[in-house]
Amino acid sequence: MDVTDNPGKHRFEVKDGDQVAGFAAYTTGPGRITFTHTEVDPAHKGKGVGGQLVRAALDTARERGLAVLPECPFVRGWIAKHPDYVDLVPESRRADYDL
């Protein structure tokens, strides 16, 4: 499965062939990306697709030097389980997300 940024739709997409298996929607602002909603197609749930999607999206944010605001509960929970990504969330905002 491939994860790509689709800036026209403001989301990262994970594809299984030509089919979108899931997405992580976002908004952007100066120096930051806010993840607002994540969905995984029911046929792909429980297979690690959501984690693959979020990891790739956060890696891209890191490469671009963007701070991350995890408004989406799935993204927030994933970051909480992977503390090596907590540094993407500004220290002053971590308490807002229980990180």
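Peer 1: Can you explain the packing of helix α1 (residues 49-63) against helix α2 (residues 73-81)? Please cite residues and give values.
Peer 2: Closest axis-to-axis distance for the α1/α2 pair is 10 Å, and the angle between their directions is 80°. When the axes of α1 and α2 are compared, the pair comes out roughly perpendicular. Of the residues in α2, those in contact with G50, G51, V54, R55 and L58 of α1 are F74, V75, W78 and I79. Each residue belonging to the contact of α1 with α2 can be placed in one class, and the counts come to six nonpolar, two polar and one charged.

Peer 1: Tell me about the pattern of salt bridges, residues and numbers included.
Peer 2: Taken as a whole and assessed by the stated rule, the structure comprises four salt bridges. With a closest N to O distance of 2.9 Å, R64 and D5 form a salt bridge. Within this pair, whereas R64 is found in the loop between α1 and β5 (67-70), its partner D5 is found in strand β1 (residues 2-6), the two being separated by 59 residues in sequence. Its relative accessible area of 23% is what places D5 among the partly exposed residues. In this structure, R11 and E13 form a salt bridge, with 2.7 Å as the shortest nitrogen-oxygen distance. Each of the two residues, R11 as well as E13, counts as buried.

About the thresholds
- Residues numbered from 1 in each chain as written.
- Predicted model: local features only at pLDDT ≥ 70, side-chain atom pairs only at ≥ 80, totals over all residues.
- Heavy atoms only, no water.
- Axes fitted to C-alpha atoms, helices over the stretch in contact; angles between N-to-C directions.
- Helix = DSSP H or I, 4+ residues; strand = E, 2+ residues; numbered from the N terminus.
- Parallel < 35°, antiparallel > 145°, perpendicular 65-115°, else oblique.
- Contact = heavy atoms within 4.5 Å.
- Nonpolar A, V, L, I, M, F, W, Y, C, P; charged D, E, K, R; others polar.
- Salt bridge = Lys/Arg side-chain N within 4 Å of Asp/Glu carboxyl O.
- Buried < 20%, exposed > 50% of the residue type's maximum accessible area, 1.4 Å probe, protein only.

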